[in-house]
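Each chain, written out:
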Amino acid sequence: MDKIIRIGTRSSELALWQANTVAEQLAHFGHKTEIVKIDSLGDIVLDKPLYELGITGVFTKNLDVALLNEEIDIAVHSAKDVPTKLPEGIVLAAYLKRGDFNDVLVIKEDENFFTKDSALIATGSLRRKAQWLYRYPHHKITGLRGNVITRLQKLEDNDWDGAIFATAGLKRLKLLPEKEKHIKLDWMIPAPAQGAVMIVALEKNEELIEICKEINHEETATCVKIERDFLQTLEGGCTAPIGALAMIFEEEIKFKGALFSPDGKHKMEFYKEVAVNNATDLGKFGANYILERGGKKLMREVNDIEKSTLVYSTKSLSHDQTAILNSKIGVTSSDFITIRNNRLKPVIVKKPIKNVLFTSQNAVEALLNNFSPMELDFENVYCVGRRTKRLIEKRIGKVTHVENSAEKLANYLVNTLKDDVITFFCGNKRRDELPTVLAESNIIVDEIETYQTQLTPRKIEEKFKGILFYSPSGIESYLKENKANEIVAFCIGETTATEAKKHFKNVEVSKLSTVESVLKSVNEYFIKEE
């Protein structure tokens, strides 16, 4: 490649060592490079442990953005910092040969503290904290952040007995203390991919990816993939105390993975030896082994770590949706209602319909479950909610008018339709207000029940400070097993809020009728409260 390859990196000394090593190896194959420094949130916010920052990719996000904007050609990362799911358009290009994967304890004075009743050990890693407390439950852990040099200086300046580091980082910067001042922690299971350097590139840049393959170390790639598969299947990031290590010995892979409780009191471990050619799903297999034997409960404990506020959503949330919440807000979610579509007779849509009404996406989905869009010949379509409107226009056709509440739409229709007829596609638990207002104005409402809302109530613990509702039916389901008490009700719109106000003293209404807006209202309420 004639073009100079721009290598993106953080500006810490260790990150620059990694980037320069990549540059040297590429130069060995005749490629010209330049280093581009880009800092991350993880480099800037140094007064909090990583798990309190509440996001994955804390050290990689800015480099990802630079790569997608084509400000750099490749990005170089410490592989253990990289989220298991890369951003769309970015792919793994290569791994350098792995360095020392162990952790090491750097000692302040001497080893005599091991004989005492207590000791103070510094680390910003939840994995290291959990494993240390599992082995030494009488010790205490204090937070430690910053680059390698900063952390060594903090150890020197504070009254700590020792601090835990990655051996590879100290060796690469030639900062590993003399033998009497450090202890190799070979019993501590390292972070997945610890000691490995990862190179990523844009998926579309095929020529550059082929160039990176020239410096890829296959054995490292094989082992790190197993470890990252283990991490991904457990759904852990830098906020979870997860360790994993795969090693190859004479065509055989030895793999150990472990999940700890945040307080170090519980440990679940998996170990297996297999032939290299049979190790494709070893990481996933190990993670599922742990999950099926109590790991799911342990992961829930991990997800609640350091959360000062817990809320409950009466609708299952996606990972992207839960990521909207502030890092100090923990959320549990499950469906308090389920939807079952009805079978509809073809005669319903045999003739063109002049006016139709939808108040939910469920009714639209149920109708499309029975008929093709070509069969739905509607002259005027009226609906409640922007998302319902988008679904209709994507699948059926143009929406004549939309409002953000049933009350506002009823008022509009009264002034628009006069003595006309409207077909209302609804569910079995539809509210009375809208059809009642229309009927009182001599508008004939032809109701067609397209789906059934079935309540699936469940008892929740009293530890939650907020409950998230997305429909009046969700409130009805919740109250079958729970009391309103002093919990805050967060509602998706005015219709749901009206029902909530009958039972809850404190009701918050989202600005928009979307799940995301409800989650933002949770952030605003509890941040303001603090």
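Report follows, based on the coordinates. Everything numeric in this text was worked out from a predicted model, so none of it was measured. (Residues numbered from 1 in each chain as written. Predicted model: local features only at pLDDT ≥ 70, side-chain atom pairs only at ≥ 80, totals over all residues. Heavy atoms only, no water.)

Regarding the packing of aromatic side chains
Each aromatic ring pair is summarised here by two numbers: the centre-to-centre distance and the angle between the ring planes. We count it as follows: Whether two aromatic rings pair depends on their centres lying within 6.5 Å, for rings of Phe, Tyr and Trp, where Trp uses its six-membered ring; planes under 30 degrees apart make the pair stacked, over 60 edge-to-face, and the rest tilted. Per the convention used, a helix needs a DSSP run of H or I reaching at least four residues, while a strand needs a run of E reaching at least two, with both numbered from the N terminus. Whether a residue is buried, partly exposed or exposed follows from its accessible area with a 1.4 Å probe, protein chains only, as a fraction of its type maximum: under 20%, in between, or over 50%, in that order.
Across all of its chains, the model carries 23 aromatic pairs by this definition. Ring geometry for F270 against F285: centres 5.8 Å apart, planes inclined by 65°, an arrangement best described as edge-to-face. Here F270, found in strand β13 (residues 267-275), pairs with F285, found in helix α10 (residues 282-303); they are 15 residues apart in sequence, far enough to count as distant. For F270, a relative accessible area of 5% gives the class buried. Geometrically, the ring pair formed by F490 and Y525 is edge-to-face, given 5.6 Å between the ring centres and 80° between the ring planes.

Quick notes on unusual backbone geometry
Not every positive phi belongs to a glycine, and E250 is a case in point at roughly 50°. In this structure, E250 sits in the loop between β11 (242-249) and β12 (252-260). Of note, N442 is a non-glycine position whose phi angle comes to about 65°, a positive value. The exposure class assigned to N442 is exposed, which follows from its relative accessible area of 54%.

With respect to helix α1 (residues 13-28)
Residues lying three or four places apart along an α-helix face the same way, a consequence of the helix completing one turn every 3.6 residues. Applied cut-off: Here the expected span of a helix is defined as 1.5 Å times the quantity of residues minus one. Throughout, a residue-residue contact means that at least one pair of heavy atoms, one from each residue, lies within 4.5 Å.
If you check α1, its first and last C-alpha atoms are 22 Å apart, about what 16 residues at 1.5 Å a residue would give, namely 22 Å. For α1, the complete set of buried residues consists of A15, L16, Q18, A19, T21, V22, A23 and L26. In this structure, the buried side of α1 is in contact with β1 (5-9), β2 (33-37), β3 (74-78), α7 (167-172), β10 (197-202) and α8 (206-212).

Quick notes on the sheet that holds strand β15 (residues 329-333)
Cut-off, in case you're wondering: DSSP calls a pair of strands paired once it identifies at least 2 bridges connecting them. Between the N-to-C directions of two axes lies an angle of 0 to 180 degrees, each axis being a line fitted to C-alpha atoms and, for a helix, fitted only over the stretch in contact.
Strands sit in the order β15-β14-β22-β23-β24 across an open sheet of 5 strands; the sheet is parallel. Both edges of this open sheet fall to β15 and β24 (507-509), since each of them pairs with a single strand only. For this sheet the average axis-to-axis angle between neighbouring strands, irrespective of direction, equals 25°. Two strands pair when backbone bridges link them, and strand β22 (residues 466-469) and strand β23 (residues 488-491) are joined in this way by 4 bridges, in the parallel orientation. Across the sheet, F469 pairs through a bridge with C491, a residue of β23.

Quick look at the packing of helix α12 (residues 361-370) against helix α13 (residues 386-395)
For clarity, the threshold we go by: Roughly parallel means an angle under 35 degrees; roughly antiparallel, over 145; roughly perpendicular, 65 to 115; everything else is oblique. It is the rotation of the near helix from the far one that decides the hand of a crossing: anticlockwise by less than a right angle makes it left-handed, clockwise makes it right-handed. Three classes are used: nonpolar for Ala, Val, Leu, Ile, Met, Phe, Trp, Tyr, Cys and Pro, charged for Asp, Glu, Lys and Arg, and polar for all others, with Gly counted as polar.
Look at α12 against α13: their axes get within 9 Å of each other, and the N-to-C directions meet at 20°. It follows from the interaxial angle that α12 and α13 lie roughly parallel. The element α12 and its partner α13 pack so that their crossing is left-handed. Contact with α12, carried on its side by Q361, V364, E365 and L368, involves R387, T388, L391, I392 and R395 of α13 and no other residues of that element. Partitioned by chemical class, the residues of the contact of α12 with α13 number 4 nonpolar, 2 polar and 3 charged.

Quick notes on α12
When we look at burial in α12, the residues that qualify are A363, V364, A366, L367 and L368. Here the buried face of α12 lies against β16 (337-341), β17 (353-358), β18 (378-384), α13, β20 (421-427) and β21 (444-455).

Observations concerning empty space enclosed by the protein
Note the following rule: Cavities and pockets are defined on a 1 Å grid built over the protein atoms alone: a cavity is a set of grid points where a 1.4 Å probe fits but cannot escape, while a pocket is an open set with protein on both sides within 12 Å along at least five of seven lines, and lining residues are those with an atom within 4 Å of any such point. Grid points are joined across faces, edges and corners, and a volume is the space filled by probe spheres set on the points.
In the structure shown here, the tally under the stated rule is 1 cavity of 30 Å³ or more. Secondary structure elements with two or more residues in the lining of the largest cavity: α1 and β3. At 3 residues, β3 tops the list of elements feeding residues into the lining of the largest cavity. Here the lining of the largest cavity is composed, by residue class, of 4 nonpolar, 5 polar and 1 charged.

Some details on the sheet that holds β16
Sheets are built from strands that pair by backbone hydrogen bonding, the pairs being arranged parallel or antiparallel. Strand order in the open sheet made by the 6 strands is β16-β21-β20-β17-β18-β19, with mixed pairing throughout. At either end of the open sheet lies a strand with only one pairing partner, and these are β16 and β19 (401-403). This sheet shows a mean twist of 25° between the axes of neighbouring strands, independent of strand direction. Against the sheet, α13 touches β17, β18 and β19, its axis set at about 150° to β18. Running at roughly 170° to β21, helix α15 (residues 433-440) makes contact with β17, β20 and β21 of the sheet.

Details of the packing of helix α14 (residues 406-417) against α15
At their nearest, the axes of α14 and α15 sit 9 Å apart, and the two run at 15° to each other. As far as their axial angle goes, α15 and α14 are roughly parallel. As α14 runs across α15, the sense of the crossing is right-handed. Contacts from A406, L409, A410, L413 and V414 in α14 reach L434, V437 and L438 in α15. Of the residues that constitute the contact of α14 with α15, the class distribution is 8 nonpolar, no polar and no charged.

Quick notes on the nonpolar core
Selection rule: Among buried residues, the Ala, Val, Leu, Ile, Met, Phe, Trp, Tyr and Cys ones that are joined through side-chain atoms within 4.5 Å form a nonpolar core.
Among the nonpolar cores identified, the biggest contains 23 residues, and F358, L367, L376, F378, I392 and F425 are the most heavily contacted of them. Sorting the residues of this core by element identifies β17, α12, β18, α13 and β21 as the ones contributing at least two each. In terms of residue count, α12 provides more of this core than any other element does, 5 residues in total. In contact with I392, other than residues within four places in its own chain, are F358, V364, V381, C383, G397 and V399. Membership of the second largest hydrophobic core comes to 22 residues, among which are I242, F255, A279 and A287.

Re the pairing of β20
Burial analysis of β20 places 6 of its 7 residues in the buried class, which makes it a mostly covered element. Relative to β20, β17 is paired through 3 bridges, and the arrangement is parallel. Looking at β20, one finds that V356 is bridged to T423. Two elements, β20 and β21, share 7 bridges in a ladder whose sense is parallel.

Let's talk about the side chain of T514
By the secondary structure assignment, T514 is in the loop between β24 and α18 (515-529). Each residue touching T514, except ones within four places of it in the same chain, is listed here: R387 and I492.

A word on the pattern of salt bridges
Basically, it comes down to this: Salt bridge, as used here: a side-chain nitrogen of Lys or Arg that lies within 4 Å of a carboxyl oxygen of Asp or Glu.
Under the criterion given, the structure shown has 26 salt bridges. Ionic pairing is found between E447 and R430, a salt bridge with its closest N-O pair at 2.8 Å. Of this pair, E447 sits in strand β21 while R430 sits in the loop between β20 and α15, placing them 17 residues apart in sequence. Among the residues examined, E447 registers a relative accessible area of 36% and is labelled partly exposed. On the basis of relative accessibility, which here comes to 25%, the residue R430 falls in the partly exposed class. Close ionic contact of E499 with K502 constitutes a salt bridge, the shortest N to O distance being 3.1 Å. Take E499: its relative accessible area is 16%, and that puts it in the buried class.

Everything listed here is a matter of coordinates, which is why it stays silent on function.
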